[in-house]
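What follows is the residue order along each chain.
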Amino acid sequence: MAELSTRYNPAEIETKWYRYWEEKGYFTPKSVGEKFSIVIPPPNITGRIHMGHALNITLQDIVVRYKRMKGYDVLWVPGEDHAGIATQNAVEKFLLQTQGKTREEIGREKFLEITWEWANKYRREIREQIKALGASVDWTRERFTLDEGLSRAVRKVFVELYRKGLIYRGKYIVNWCPRCKTVLSDEEVEHKEHKSKLYYVKYPVKDSDEYIVVATTRPETMLGDTAVAVHPEDERYKNFVGKTLILPLVGREIPVVADKYVDPKFGTGAVKVTPAHDPNDYLIAQRHNLPMIEIFDDNARINENGGKYKGLDRYEAREKIVKDLEEQGFLVKIEDYTHSVGHCYRCDTVIEPKLSDQWFVSTKPLAKRAIEAVENGEIRFFPERWTKVYLNWMYEIRDWCISRQLWWGHRIPVWYCQDCGHLNVSEEDVEKCEKCGSTNLKQDEDVLDTWFSSALWPFSTLGWPEETEDLKRYYPTDLLVTGFDIIFFWVARMIMMGYEFMNDKPFSHVYIHQLVRDKYGRKMSKSLGNGIDPLEVIDEYGADPMRFTLAILAAQGRDIKLDPRYFDAYKKFANKIWNATRFVLMNLEDYKEVPLENLKTVDKWILTRLNKTVEEVTNALENYDFNIAARTIYNFFWDDFCDWYIEASKPRLKTEERNLVQTVLVKVLDASLRLLHPFMPFLTEELWQKLPVAGESITIAKWPEIERELIDETAEKEFTRLMNMVRGVRNVRAEMNLPQSQRVKVYIKGYEVTEEEELLLKTLGNIEEVSFVNEKPPKTATAYVEEEIEAYVDLGGLIDFEKEKERLKQIMEKIQKEIDRLEKKLANKDFVEKAPEEVIEETKEKLNTNRERLARLESILRDLE
């Protein structure tokens with residue numbers, strides 16, 4: 001039989017097997033049978049993958065490998081995202097560090113050349129990282145959101161939506177990043193709590209001694225005020241509505257308007273209206289026909305409309321304006337104030353709302369079908385609670401600003417005629433104006449939002465707009481695995497575009513995976529220095545232990561608190577699998593597979609447990625309960641197979657039952673490795689190749705089927721009883737401070753074990769002798785109770801009864817104190833309301849464990865009286 005080295009070394013097997021799978025073409029579908037298709041959420045080309053990527057890719061690969069073994073024709077499309085803002089930022093920093101130059105200094109053409117070199121470099125690195133994780137993607141179909149095919153798809157979508165009136169250009173308040181010098185969508189703005197100030201400022205009424213006090217967090221924006229608004233039902237200001245105010249420092253006359261948007265409880269109940277620099281003020285201005293005055297340039301500095309403050313940075317202007325307000329008697333007071341402020345999700349700069357000409361997608365018409373698809377179950381979210389989150393956003397969806405003031409990305413396919421002003425919108429480059437024939441054209445400088453190309457990913461990666469065979473066979477895809485933070489960025493937009501251009505859903509199921517946090521529940525970040533690099537984990541522990549760790553922690557609806565010690569725990573599990581396989585292989589001399597006849601109770605039990613495990617793991621994977629699937633196979637392999645069946649098989653391997661036991665061992669190990677394969681692909685391939693089973697690779701081996709004829713409930717019940725007796729004997733040894741190697745006598749009341757059962761008890765429980773009694777003998781401790789059946793351990797001559805009674809009483813006293821402490825903690829209303837759910841569950845678990853141990857010790861103490 002094949003030999004196996006004495007230790008599990010991931011580095012020796014992982015690269016070898018991935019190369020083998022690629023060479024054999026196992027990841028490329030054969031276009032035969034029922035299909036299962038999935039597209040990878042494309043990682044950004046801005047650096048190494050993080051633990052969130054590792055989780056996402058691992059969960060996808062588990063499903064993909066499972067489906068492949070189930071006989072599906074599986075296509076998993078890999079690819080990368082050009083990540084407009086993030087990549088341009090990274091390249092600009094790189095330029096400054098290496099050449100001391102800005103992108104403007106080197107020009108657009110050279111900048112794009114450098115960025116393409118960057119993209120190709122990082123695409124190669126990402127590819128190798130994804131391979132290191134064991135992802136069984138089809139590299140022959142790798143895509144990039146800026147490749148030629150996707151660029152063609154992007155242009156076609158833009159042009160068609162424009163011609164349908166669903167893309168338009170207009171002036172609107174946008175989120176402007178002064179650092180990146182581009183607009184951001186609402187979803188690209190991260191809101192953070194800021195400790196700020198609330199400034200109370202007098203706005204005098206024209207030709208009067210009266211004034212209105214306005215409260216603002218941004219006094220610098222008053223330079224662009226065109227009104228003060230109050231709530232129409234606010235009695236304090238009814239006499240002011242319609243009057244004219246004089247804007248402090250500026251002298252401009254502005255009206256007092258009544259608008260229901262105003263919250264009478266905020267500040268003084270009167271708010272300044274700066275339409276060009278606040279989205280809500282913009283809407284007020286539209287309702288009251290107010291002028292819009294822009295006071296910031298693209299760098300968030302005061303422009304020519306700011307008078308003497310022109311050229312000041314927004315924060316410098318604030319300082320100067322507050323000083324002037326105070327000196328001129330307009331400043332009433334300043335209060336500390338904490339509020340939420342928008343930041344750029346890439347560079348963390350505070351966002352400046354800005355009136356700007358941008359391109360937009362009109363989303364309401366596109367959202368209708370996308371809402372219906374989720375409401376009628378055509379597309380399902382897992383966990384189901386994300387359905388409501390998606391729908392709430394879709395019901396309130398705003399038009400999507402798709403233009404970005406960047407150089408890296410899909411350039412907007414619009415050419416402006418410099419002679420007649422006509423907009424030429426085309427899939428192909430335009431040489432002359434379609435209206436006047438002029439060749440004096442200028443293409444729009446902006447590029448499209450990164451998410452515009454990503455929204456087409458499920459069908460553009462399959463060849464659309466061409467009518468490819470892949471598109472016909474593999475669209476719609478079956479599953480999307482992604483994070484909750486891009487439901488709006490990406491998931492919703494893919495659904496809208498799928499129905500608009502394919503007249504079909506882009507996928508059937510959306511699995512929203514967990515957020516990976518550190519062991520304290522904090523979000524992983526560079527600033528905290530608490531990130532865990534998956535590639536470093538792979539180097540230290542191996543890809544399989546890391547994958548299994550992530551899977552077993554991936555409970556639906558709960559974030560993962562990742563303690564690095566978990567990797568070591570599941571590296572031990574990998575070692576257990578290795579050593580169990582090694583044991584089986586070492587005992588396969590003269591192996592001959594025999595029919596599963598004349599099975600003993602223990603054989604029937606392990607085959608029953610195997611088939612129930614197959615059923616539980618299969619059902620869990622079908623429902624994306626990855627943690628349940630992983631925990632089930634873990635418990636089966638470690639407990640049932642290794643700790644019980646292998647131990648029980650050792651003496652039988654030296655008897656005439658040898659071939660039968662070998663057959664069962666191989667059958668169970670073979671099925672176990674196949675169940676484990678989606679979670680631990682490298683390890684299982686290495687071990688499965690050594691088994692005497694048919695097939696060239698576990699990657700394409702059949703998923704284990706349930707053999708219901710091998711399920712024997714009676715055998716399971718009988719062997720479970722024996723296991724519990726053995727556990728009871730072990731517990732007595734532990735509580736009595738007896739070594740587990742101490743052979744003991746056991747008495748059984750109410751049940752006569754068979755010869756086979758007696759042998760198992762002696763083998764598994766290290767029991768010297770088993771006797772049958774009608775009542776509990778003296779000097780024994782109760783090890784097991786079930787209805788009429790009881791088992792006792794003979795302690796005569798093994799312990800000093802009086803000393804043991806004293807020792808047990810002391811232990812029980814400590815346990816009781818711990819129980820009292822835990823009960824008090826759980827009775828504390830503040831603790832129950834404020835503590836994290838997992839902490840409460842952990843406390844309850846500790847309480848139950850202590851109660852169970854106390855009850856066990858009370859029983860033993862009664863036995864010693």
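Attention in this report is confined to the structure presented alongside it. Quantities reported herein were computed from a predicted structural model and do not represent experimental measurements.

**What to know about the overall build of the protein**
Thinking step 1. Across its full length, the protein holds 26 helices and 29 strands.
Thinking step 2. Counting only C-alpha atoms, the protein reaches 110 × 65 × 55 Å along its principal axes.
Thinking step 3. In the protein, buried positions account for 56% of the 865 residues.
Thinking step 4. A sequence separation of at least 24 residues applies to 77% of the contacts in the protein between residues at least 6 apart.
Thinking step 5. Accessible area for the protein stands at about 38900 Å²; split by element, carbon and sulfur atoms hold 46% of it.

**Looking at the pattern of salt bridges**
Thinking step 1. Scanning the model with the defined rule gives 78 salt bridges in all.
Thinking step 2. Here lysine 110 and glutamate 113 are joined by a salt bridge, their closest N and O atoms 3.3 Å apart. Of this pair, lysine 110 and glutamate 113 both sit in helix α5 (residues 108-132), three residues apart, which is roughly one turn of the helix.
Thinking step 3. The class for glutamate 113 is partly exposed, based on a relative accessible area of 40%.
Thinking step 4. One salt bridge connects arginine 314 with glutamate 352, and the closest N-O pair in it is separated by 2.9 Å. Of the two residues, arginine 314 sits in helix α8 (residues 314-327) while glutamate 352 sits in strand β14 (residues 352-361), which places them 38 residues apart along the sequence.

**A word on the sheet that holds strand β29 (residues 789-794)**
Thinking step 1. Spatially, four strands are ordered β27-β26-β29-β28 in an open sheet, and the strand pairing comes out mixed. Each of the sheet's edge strands pairs with one partner strand only, and the pair in question is β27 (767-773) and β28 (780-786). Each strand of the sheet is rotated relative to its neighbour by a mean of 25°, with strand direction disregarded.
Thinking step 2. Along the sheet, helix α22 (residues 713-735) makes contact with β26 (744-749), β27, β28 and β29, crossing β28 at roughly 150°.

**As for the sheet that holds strand β20 (residues 441-443)**
Thinking step 1. The strand order across the open sheet built from three strands is β19-β18-β20, with neighbouring strands paired in antiparallel fashion. One side of each edge strand has no neighbouring strand; the edge strands of this open sheet are β19 (423-425) and β20. Shown here is a sheet whose adjacent strand axes are inclined to one another by a mean of 30°, direction ignored.
Thinking step 2. Bridge analysis of strand β18 (residues 414-417) against β19 gives three bridges, and the strand direction is antiparallel. Bridged to tryptophan 415 within β19 is asparagine 424.
Thinking step 3. Where helix α6 (residues 148-163) meets the sheet, it contacts β18, β19 and β20, and its direction lies at approximately 130° from that of β19.

**Thoughts on unusual backbone geometry**
The phi angle of most residues is negative, glycine excepted, and most peptide bonds adopt the trans form.
Thinking step 1. Between phenylalanine 382 and proline 383 the backbone carries a cis peptide bond, its omega angle lying at -5°.
Thinking step 2. Along the chain, the position of proline 383 falls in the loop between β15 (380-382) and α10 (386-395).
Thinking step 3. Cis geometry is found at the peptide bond from tyrosine 475 to proline 476, where omega equals 0°.
Thinking step 4. As for its placement among the helices and strands, proline 476 is situated in the loop between α13 (469-474) and β22 (479-483).
Thinking step 5. Of note, asparagine 289 is a non-glycine position whose phi angle comes to about 55°, a positive value.
Thinking step 6. Judged by its relative accessible area of 68%, asparagine 289 is exposed.

**Thoughts on the packing of helix α9 (residues 364-375) against α10**
Thinking step 1. At a minimum axis separation of 10 Å, α9 and α10 run at an interaxial angle of 160°. As summarised for this structure, α9 and α10 are arranged roughly antiparallel, according to the angle between their axes. For the pair α9 and α10, the crossing hand works out as left-handed. From α9, Lys364, Ala367, Ala370, Ile371, Val374 and Glu375 reach across to α10, where they touch Thr387, Tyr390, Leu391, Met394 and Tyr395.
Thinking step 2. Class assignment of the residues belonging to the contact of α9 with α10 gives a composition of eight nonpolar, one polar and two charged.

**With respect to the nonpolar core**
Thinking step 1. One finds Met51, Phe548, Phe641 and Leu795 to be the most contacted residues of the largest nonpolar core, which totals 164 residues.
Thinking step 2. When residues of this core are assigned to their parent elements, the largest contribution, 13 residues, is made by helix α19 (residues 626-652).
Thinking step 3. When residues no more than four places from it in sequence are discounted, the contact partners of methionine 51 are Val516, Met524, Ile532, Asp533, Pro534, Val537, Met546, Leu550, Leu562 and Phe567.
Thinking step 4. One finds Leu391, Ala455, Tyr474 and Phe489 within the second-largest nonpolar core, a separate group that totals 62 residues.

**Brief notes about the environment of arginine 108**
Thinking step 1. Inspection of the secondary structure puts arginine 108 in helix α5.
Thinking step 2. Along the sequence, arginine 108 and arginine 252 sit 144 residues apart, while their C-alpha atoms lie 42 Å from each other.
Thinking step 3. When near neighbours in sequence (up to four residues on either side) are disregarded, arginine 108 contacts Leu406, Trp407, Arg411, Glu445 and Val447.
Thinking step 4. In terms of polar contacts, arginine 108 uses its side chain to reach the backbone carbonyl oxygen of glutamate 445, at 3.0 Å.

**Looking at the packing of aromatic side chains**
Thinking step 1. If you walk through the whole model with that rule in mind, you get 46 aromatic pairs.
Thinking step 2. A centroid spacing of 6.0 Å and a plane angle of 65° characterise the contact between tyrosine 20 and tyrosine 26, whose relative ring orientation is edge-to-face.
Thinking step 3. The class of tyrosine 20 is partly exposed, set by a relative accessible area of 22%.
Thinking step 4. Taken together, a centroid distance of 5.3 Å and an interplanar angle of 40° make the contact between phenylalanine 381 and tyrosine 390 tilted. Of the two residues, phenylalanine 381 and tyrosine 390, neither departs from the other in class, the shared state being buried.
Thinking step 5. Three or more aromatic residues joined by ring pairs form one cluster here, namely Phe548, Tyr570, Phe573, Tyr634, Phe637, Trp638, Phe641 and Phe679.
Thinking step 6. Its guanidinium or amino end placed over the ring of tyrosine 211, lysine 202 lies 4.8 Å from that ring's centre, counting from NZ or CZ.
Thinking step 7. Its guanidinium or amino end placed over the ring of phenylalanine 240, lysine 243 lies 5.4 Å from that ring's centre, counting from NZ or CZ.

The rules we used
- Throughout this description, residue numbers start from 1 for each chain and increase along the sequence as written.
- Given that this is a predicted model, residues contribute local features only at a pLDDT of at least 70 and side-chain atom pairs are listed and counted only at 80 or more, while totals for whole chains, interfaces and linings are drawn from all residues.
- Excluded from the side-chain calculation are hydrogens and water; included are all heavy atoms of the structure.
- Strands here mean DSSP runs of E at least two residues long; helices mean DSSP runs of H or I at least four residues long; both are numbered from the N terminus.
- Burial classes follow relative accessibility: with a 1.4 Å probe on protein chains only, a residue under 20% of its type's maximum area counts as buried, one over 50% as exposed, and anything between as partly exposed.
- Any two residues whose heavy atoms approach within 4.5 Å are treated as being in contact.
- Here the open area of atoms and residues is found with the Shrake-Rupley method and a 1.4 Å probe, where only the protein chains shown may cover a residue.
- Counted as salt bridges are all cases of a side-chain nitrogen of Lys or Arg within 4 Å of a carboxyl oxygen of Asp or Glu.
- At least two bridges found by DSSP between two strands is the condition for calling them paired.
- To obtain an axis, a line is fitted to C-alpha atoms, over the contacting stretch when the element is a helix, and the angle between two such axes runs from 0 to 180 degrees between their N-to-C directions.
- Under this scheme an angle from 65 to 115 degrees is roughly perpendicular, one under 35 degrees roughly parallel, and one over 145 degrees roughly antiparallel; angles in between are oblique.
- Helix crossings get a hand from a simple test, with the near helix turned counterclockwise from the far one by less than a right angle marking a left-handed crossing and a clockwise turn marking a right-handed one.
- Under this grouping Gly is polar, as are all residues other than the nonpolar Ala, Val, Leu, Ile, Met, Phe, Trp, Tyr, Cys and Pro and the charged Asp, Glu, Lys and Arg.
- Here, the term nonpolar core denotes a set of buried Ala, Val, Leu, Ile, Met, Phe, Trp, Tyr and Cys residues that are joined through side-chain atoms within 4.5 Å.
- Pairs of N or O atoms are called polar contacts if they sit within 3.5 Å, as long as, within protein, a hydrogen donor faces a hydrogen acceptor (for residues adjacent in sequence, only side-chain-to-side-chain pairs).
- For Phe, Tyr and Trp, where Trp contributes only its six-membered ring, two rings pair if their centres lie within 6.5 Å, and the inter-plane angle classes them as stacked under 30 degrees, edge-to-face over 60, or tilted in between.
- Both a distance and an angle decide whether a charge sits over a ring: NZ of Lys or CZ of Arg must be within 6 Å of the ring centre and within 35 degrees of the ring normal.

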